Amino acid sequence: MDNDATVYSNGTSPASYQQYSWELTDKLRKTAKSELREDEQLRSQGLAQMREFIAKSPHIKRCRTDALFLLRFLRTKKYSIPQACAMLERYLTIRQTNSAWFERMDIDDPEIAAIIDGGYIVPLLERDDHGRQVILSVAGNLDLSRVSSALLARVHFLVQEVLADDEQSQICGYVHCVDERELSMKLMGMWSLVDIKKVADCIQNGVPSRINAFNLIGMPSTAATLLEFCVSLLSDKLRKRINLFRTVEDFAGKMNRKILPKEYGGTVPLAEMVAQFKERCRRKRAQLLAMDEMHIELSKLPGHCADSCRRDLDAGMIGSFRKLEVD
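Residues numbered from 1 in each chain as written. Predicted model: local features only at pLDDT ≥ 70, side-chain atom pairs only at ≥ 80, totals over all residues. Heavy atoms only, no water.

Labelled according to an unreviewed UniProt entry, the protein chain appears under the name CRAL-TRIO domain-containing protein, originating from Anopheles dirus.

Written out as structure tokens, the structure reads:
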């Protein structure tokens, strides 16, 4: 595994941790300092305190303790140790209570491979002008007869996990671009209100990722209710990062075209980007599968996310957007 990315039992944590070594550019060092407050001393202290938190936790039973994993949380929370530790707990809890979304992230799974091969979601090969990782999702590239909301969620979170240890992305963040020109009622109808709430909670509170922008392209008017509901679940900060583009040309005009797939005005075909991403998935395959070994004892956690989901069910927040549109 990369950088000793082993899942350790609390009783067998390493006697000494692999020392972190900065291997990025001076420019990124300055970005980390200005945007995240990160310097060598704060980083060293943060890693030590998170490792101590994991070792002394009565409910975290197995967890990664390598620097790249813990830096996901420290950088997302700008080195607030209490917030980073709380997000780690939330992350482990969400993975366990939503196992259909997070377990068996295997690129050799035929169902997952079919979605990736179809070009539904792919990280672009080059970063944008701000050094951010751009992820493109294309609703029209889905075979809706072969997918479910749980499978789509697992694919999205697989992409996130494959990219999550990349330090430049941890520092500079991500831009999500969604081509929704062929977003259909059938696809919207796959998602229950509870599932949408859970996804929003994962994005904001449980999955460490610095999301700088959501670019939505060609959203049909029939999805207005869906968009309104989703936006209502987001924080003010994330709401301000949503950008709507009527056409692909409008979208491409705001991007560095050379990084886009050929189908969007760039030079590299989408299929080639997909092939390179699949190779990246294969290199990370053992690590992704080992992540299933992480474990948190939910009975010792007050008010974990399963409780909030149960409250939603009790309140009647079930059903699909197909039903919501009719109501």
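(A) View of the overall build of the protein chain. Along its length, the protein chain carries 17 helices and eight strands. Radius of gyration (C-alpha) of the protein chain: 20 Å, near the 20 Å computed for a compact globule of 327 residues. With respect to the three principal axes, the spread of C-alpha positions in the protein chain is 55 × 50 × 40 Å. By residue count, 51% of the 327 residues in the protein chain fall in the buried class. Within the protein chain, counting contacts between residues at least 6 apart in sequence, those at least 24 apart form 80% of the total. (Helix = DSSP H or I, 4+ residues; strand = E, 2+ residues; numbered from the N terminus. Rg over C-alpha atoms; globule rule 2.2 N^0.38 Å. Buried < 20%, exposed > 50% of the residue type's maximum accessible area, 1.4 Å probe, protein only. Contact = heavy atoms within 4.5 Å.)

(B) Spotlight on the packing of helix α6 (residues 110-117) against helix α14 (residues 270-283). Following both chains from N to C, one finds α6 and α14 inclined at 145 degrees, their axes separated by 10 Å at the closest point. In this structure, α6 uses Ala113, Ile116 and Asp117 to contact α14, whose residues at the interface are Val274, Phe277 and Lys278. Taken together, the residues of the contact of α6 with α14 break down into four nonpolar, no polar and two charged. (Axes fitted to C-alpha atoms, helices over the stretch in contact; angles between N-to-C directions. Nonpolar A, V, L, I, M, F, W, Y, C, P; charged D, E, K, R; others polar.)

(C) Highlighting the sheet that holds strand β8 (residues 295-296). Pairing is antiparallel in the open sheet, where three strands are placed in the order β1-β2-β8. Among the strands making up the open sheet, the edge pair consists of β1 (7-9) and β8. Examined bridge by bridge, strand β2 (residues 60-64) and β8 share two bridges and lie antiparallel to one another. Note that in β8 the partner of Ile60 across the bridge is Ile296. (Pairing = 2+ DSSP bridges.)

(D) Up close: the pairing of β2. For β1 and β2, the ladder comprises three bridges, and the chain directions are antiparallel. Of the residues in β2, the one forming a bridge with Val7 is Arg64.

(E) Here's a closer look at helix α2 (residues 40-56). Between its terminal C-alpha atoms α2 stretches 24 Å, which fits the 24 Å expected from 17 residues at 1.5 Å a residue. Three or more residues of α2 are buried, namely Arg43, Gly46, Leu47, Met50, Arg51 and Ile54. The buried residues of α2 occupy one face: seen down the axis, they fall within an arc of 125 degrees. Among the exposed residues of α2, those pointing more than 90 degrees away from its buried face are Gln41 and Lys56. Among the structural elements, β2, α3 (67-76) and α4 (81-97) are those in contact with the buried residues of α2. Residue Asp39 occupies the N-cap position of α2, its side-chain oxygen lying 3.2 Å from the main-chain nitrogen of Gln41. (Expected span 1.5 Å × (residues − 1). Arc of directions from axis to C-beta. Polar contact = N/O pair within 3.5 Å; in protein donor to acceptor, adjacent residues only side chain to side chain.)

(F) Focus on the sheet that holds strand β6 (residues 211-217). Read from one edge to the other, the open sheet built from five strands follows the order β3-β4-β5-β6-β7, with strand pairing classed as mixed. Strands at the two margins of the open sheet, each flanked by one partner only, are β3 (121-123) and β7 (242-245). Averaged over all pairs of adjacent strands, the angle between their axes in this sheet comes to 15 degrees, without regard to strand direction. Looking at chain direction, strand β5 (residues 174-179) and β6 are connected through six bridges and run parallel. When the bridges of β6 are listed, Val175 appears paired with Ala213. α14 rests against β3 and β4 (133-138) of the sheet, and its axis sits at about 75 degrees to β3.

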